[in-house]
Amino acid sequence: MTDGIAAIEEGARKSGILWLTLDRPRLAWHAWHDGAIYVVTGGEEQELPGLDALDRVHVTLRSKDNGARLVEFEAAVTAVDPAEAADAVAVLAKERLNARDSEHLTERWARDSTILRLTPDTSTAGVTPGA
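Now for the packing of aromatic side chains. In this structure the tally under the stated criterion is one aromatic pair. The interplanar angle of 35° and the centroid separation of 6.2 Å between the aromatic rings of W29 and W109 together place this pair among those described as tilted. Of the two residues, W29 sits in strand β2 (residues 25-29) while W109 sits in helix α3 (residues 105-112), which places them 80 residues apart along the sequence. By relative accessible area, W29 is classed as buried at 17%.

Next comes the structure, spelled out in structure tokens:
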């Protein structure tokens, strides 16, 4: 595992939030699964305007402890069919705190939201030493 992907995975697993550069920096909750970050947007979930129309997005992971920047990188953005990525959707649903309808969450997402996979481009990863 390269230093870049190791830093990305560690940062994504340690913190349930990240920053996405969209119309402005946007805070988003996410889940790490199988080498990628998964986010859900739309419907009753977080609004990440324009993310679903992008091919790539700039991602910043920060320390849960002190907010220091751990790593920044570009990621490929791909829409996910919830039925074809059931494992990833289950991991994402587990990370969703305070859902009003947790027993029907994934069905609501399939109907009203968009699930996106952010695949890190490790060649663009900028790791902050000692963070």
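Here we take up the environment of I8. In this structure, I8 sits in helix α1 (residues 3-14). Taking relative accessible area as the criterion, I8 reaches 0% and is therefore assigned buried. With 28 residues separating them along the chain, I8 and A36 place their C-alpha atoms 9.3 Å apart.

Quick look at the side chain of H30 now. By the element assignment, H30 lies in the loop between β2 and β3 (31-33). The class of H30 is buried, set by a relative accessible area of 2%. A polar contact is formed between the side chain of H30 and the backbone oxygen of S15, at a distance of 3.3 Å. Other than its neighbours up to four places away in sequence, H30 contacts A12, S15, G16, I17, L18, I37, Y38, V39, L92 and E95.

How each quantity is defined
Residues numbered from 1 in each chain as written. Predicted model: local features only at pLDDT ≥ 70, side-chain atom pairs only at ≥ 80, totals over all residues. Heavy atoms only, no water. Phe/Tyr/Trp six-rings, centres within 6.5 Å; stacked < 30°, edge-to-face > 60°. Helix = DSSP H or I, 4+ residues; strand = E, 2+ residues; numbered from the N terminus. Buried < 20%, exposed > 50% of the residue type's maximum accessible area, 1.4 Å probe, protein only. Polar contact = N/O pair within 3.5 Å; in protein donor to acceptor, adjacent residues only side chain to side chain. Contact = heavy atoms within 4.5 Å.

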